[in-house]
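Examining the three-dimensional arrangement
Listed below, chain by chain, are the residues.
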Amino acid sequence: MVFFLQQLVQGLAIGSIYGLIAIGYVLIYNTWGVLNFAQGDMVMVGAFTVLVTHSMMGLPMFLAIPLAILMCVVIGFIIELTAFRPLLNAENQRRLIATIGVGIFLRNLVQIIFGADAFPFPSIFGDKTMDVGGLKIVPQDIWNTLVGILLVVLLMLFLKKTRIGKAMRATAQDREAARLMGVNVRRCMSGTFILASAIGGFAGMLLAPKYFVIASLGTTFGNKGFAAALFGGISSNAGSMVGGVVLGILETLAAVYGKSTWQTAIAFIILFLVLVVKPTGLMGKKDVRKV
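Please read all numbers here as calculations on a predicted model, not as lab measurements.

**As for the overall build of the protein**
- Each helix and strand counted, the protein has 11 helices and 2 strands in total.
- Scanning the protein from its N terminus toward the C terminus, one meets helices and strands in the order α-α-α-α-β-β-α-α-α-α-α-α-α.
- The C-alpha radius of gyration computed for the protein amounts to 19 Å, which stays within 12% of the reference 19 Å derived for 291 residues, consistent with globular compactness.
- Principal axes of the C-alpha set define a box for the protein whose edges measure 60 × 45 × 35 Å.
- The buried share among the 291 residues of the protein stands at 48%.
- Sequence-distant contacts, at least 24 apart, represent 74% of the contacts inside the protein between residues at least 6 apart.
- Only carbon and sulfur atoms are counted for the fraction: they give 68% of the accessible area of the protein, which is about 14600 Å².
- Counting 23 positive and 11 negative side-chain charges, the protein places the averaged centre of each group 9 Å from the other.

**Points about helix α2 (residues 39-56)**
- In a regular helix each residue adds 1.5 Å, so 18 residues correspond to 26 Å; α2 covers 25 Å between its end C-alpha atoms and thus fits that length.
- Where burial is concerned, most of α2 is hidden: 14 out of the 18 residues are buried.
- Directly after α2, the chain includes Gly58, whose backbone phi takes a positive value near 80°.

**Focus on the packing of aromatic side chains**
- By the definition in use, this model includes 11 aromatic pairs.
- Relative to Phe114, the ring of Phe48 has its centre 4.8 Å away and its plane inclined at 35°; by these criteria the two rings are tilted. Pair noted here: Phe48 is in helix α2 and Phe114 is in helix α4 (residues 92-114), with a separation of 66 residues, a long-range link.
- The class for Phe114 is partly exposed, based on a relative accessible area of 23%.
- A centroid spacing of 6.3 Å and a plane angle of 80° characterise the contact between Phe114 and Phe119, whose relative ring orientation is edge-to-face.
- Chaining the aromatic ring pairs together yields one cluster made of Tyr18, Tyr211 and Phe221.
- Stacked on the ring of Phe221, the Lys or Arg Lys224 has its end atom at 6.0 Å from the ring centre.

**Thoughts on the nonpolar core**
- Counting 77 residues, the largest nonpolar core has Ile21, Trp32, Ile79 and Leu247 as its most contacted members.
- Counting residues per element, this core draws most heavily on helix α1 (residues 2-32), which supplies 12 residues.
- Sequence-distant contacts of Ile79, defined by excluding residues within four places in its chain, comprise Met42, Phe84, Val102, Leu106 and Phe193.

**What about the pattern of salt bridges?**
- Summed over all chains, the structure comprises 5 salt bridges.
- A salt bridge links Arg107 to Asp41; its shortest N-O distance comes to 3.0 Å. One end of the pair, Arg107, is in helix α4; the other, Asp41, is in helix α2, and 66 residues separate them in sequence.
- Between Lys224 and Glu251 there is a salt bridge, and its shortest N-O distance comes to 3.1 Å. Remark: Glu251 occurs in helix α10 (residues 237-257) and Lys224 occurs in helix α9 (residues 217-232); sequence separation between them is 27 residues. The pair formed by Lys224 and Glu251 is uniform in burial state, with each residue classed as buried.

**Describing the environment of Ala170**
- Within the secondary structure layout, Ala170 lies in helix α6 (residues 163-173).
- Separated by 13 residues in sequence, Ala170 and Val183 have C-alpha atoms that sit 8.3 Å apart.
- Every residue in contact with Ala170, bar those within four places of it in the chain, is listed here: Arg175 and Ala178.

**What about the packing of helix α3 (residues 61-84) against helix α8 (residues 185-207)?**
- Look at α3 against α8: their axes get within 8 Å of each other, and the N-to-C directions meet at 140°. By the angle class used here, α3 and α8 are oblique. The two elements α3 and α8 meet at a crossing, and its hand is right-handed. Across the interface between the two elements, Ile65, Ala68, Ile69, Cys72, Val73, Gly76, Phe77, Ile79, Glu80 and Phe84 from α3 touch Ser190, Phe193, Ile194, Ser197, Ala198, Gly201, Phe202 and Met205 from α8.
- Taken together, the residues that form the contact of α3 with α8 break down as 13 nonpolar, 4 polar and 1 charged.

**Some details on the side chain of Asn144**
- Residue position: Asn144 is located in helix α5 (residues 139-161).
- In terms of polar contacts, Asn144 uses its side chain to reach the backbone carbonyl oxygen of Leu206, at 3.4 Å.
- If we skip the residues at most four places from it in the chain, Asn144 touches Ala13, Ser16, Ile17, Phe125, Leu206 and Lys210.

Here is what the cut-offs are and how they apply
- Residues numbered from 1 in each chain as written.
- Predicted model: local features only at pLDDT ≥ 70, side-chain atom pairs only at ≥ 80, totals over all residues.
- Heavy atoms only, no water.
- Helix = DSSP H or I, 4+ residues; strand = E, 2+ residues; numbered from the N terminus.
- Rg over C-alpha atoms; globule rule 2.2 N^0.38 Å.
- Buried < 20%, exposed > 50% of the residue type's maximum accessible area, 1.4 Å probe, protein only.
- Contact = heavy atoms within 4.5 Å.
- Areas by Shrake-Rupley, 256 points an atom, 1.4 Å probe, with all protein chains shown as cover.
- Lys, Arg positive; Asp, Glu negative; His and termini not counted.
- Charge placed at Lys NZ, Arg CZ, Asp CG, Glu CD.
- Expected span 1.5 Å × (residues − 1).
- Phe/Tyr/Trp six-rings, centres within 6.5 Å; stacked < 30°, edge-to-face > 60°.
- Lys NZ or Arg CZ within 6 Å of the ring centre and 35° of its normal.
- Core = buried A, V, L, I, M, F, W, Y, C linked by side-chain atoms within 4.5 Å.
- Salt bridge = Lys/Arg side-chain N within 4 Å of Asp/Glu carboxyl O.
- Axes fitted to C-alpha atoms, helices over the stretch in contact; angles between N-to-C directions.
- Parallel < 35°, antiparallel > 145°, perpendicular 65-115°, else oblique.
- Left-handed = near helix turned anticlockwise from the far one by under 90°.
- Nonpolar A, V, L, I, M, F, W, Y, C, P; charged D, E, K, R; others polar.
- Polar contact = N/O pair within 3.5 Å; in protein donor to acceptor, adjacent residues only side chain to side chain.

Everything listed here is a matter of coordinates, which is why it stays silent on function.
Now the structure itself:
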């Protein structure tokens, strides 16, 4: 029983990060109407920025983290301005290809600068194992879970309680109606993209101590976040976190009780099953349009 609980704790920790990445997909999809396959690469940008500022330049973590978030915000704004905004009214295929192209560009740029080697990253919250009722828990796992869930709660409160958040939600639901109500739609769309980029970068910072930092980091975890977003429901922010947590737990259990290779495959198996059985995901709603 203790061993099973141990796996649940680890699955919950990684699943919370999957949920954060998934929320980036959900925010941009609901506002822009396109899946941003460069979202995973913002995870990589966040991890590399902390690596450079903290490990290489020696800045303390309380300065490195805000700088990493700022870097993701700036890069996210540049991407939105140059690759997304000009294609706002273009066909979905063209916009989708643009997101793939941006991701390829970011990965190759980072690989040119830093090479293809993987970089170790020091633990942010400490790596000394704690014994809690027989469970061997790493502080990083606890903090990953708490921070991941806290960010989702804060995001939902921001979207529901603040004026800017309500404007973003209105823009996501109906751009034309929001524009008629006096909402600056373009600014809200830009703000949503920047917010999603910052969340992706923060997820990268939480991932960095658990995994080596490498240019392909965003591809690996971007795919997991995408699967979590569809699993939970591409139209639901809360559903994306639920999908991420369930995916993380299933991956951990599959690796322990099955084969290690199943851990990589489980996300794509879930993705396939969701698309076939319940395309709206666990908490998503059908998109009904009146003509």
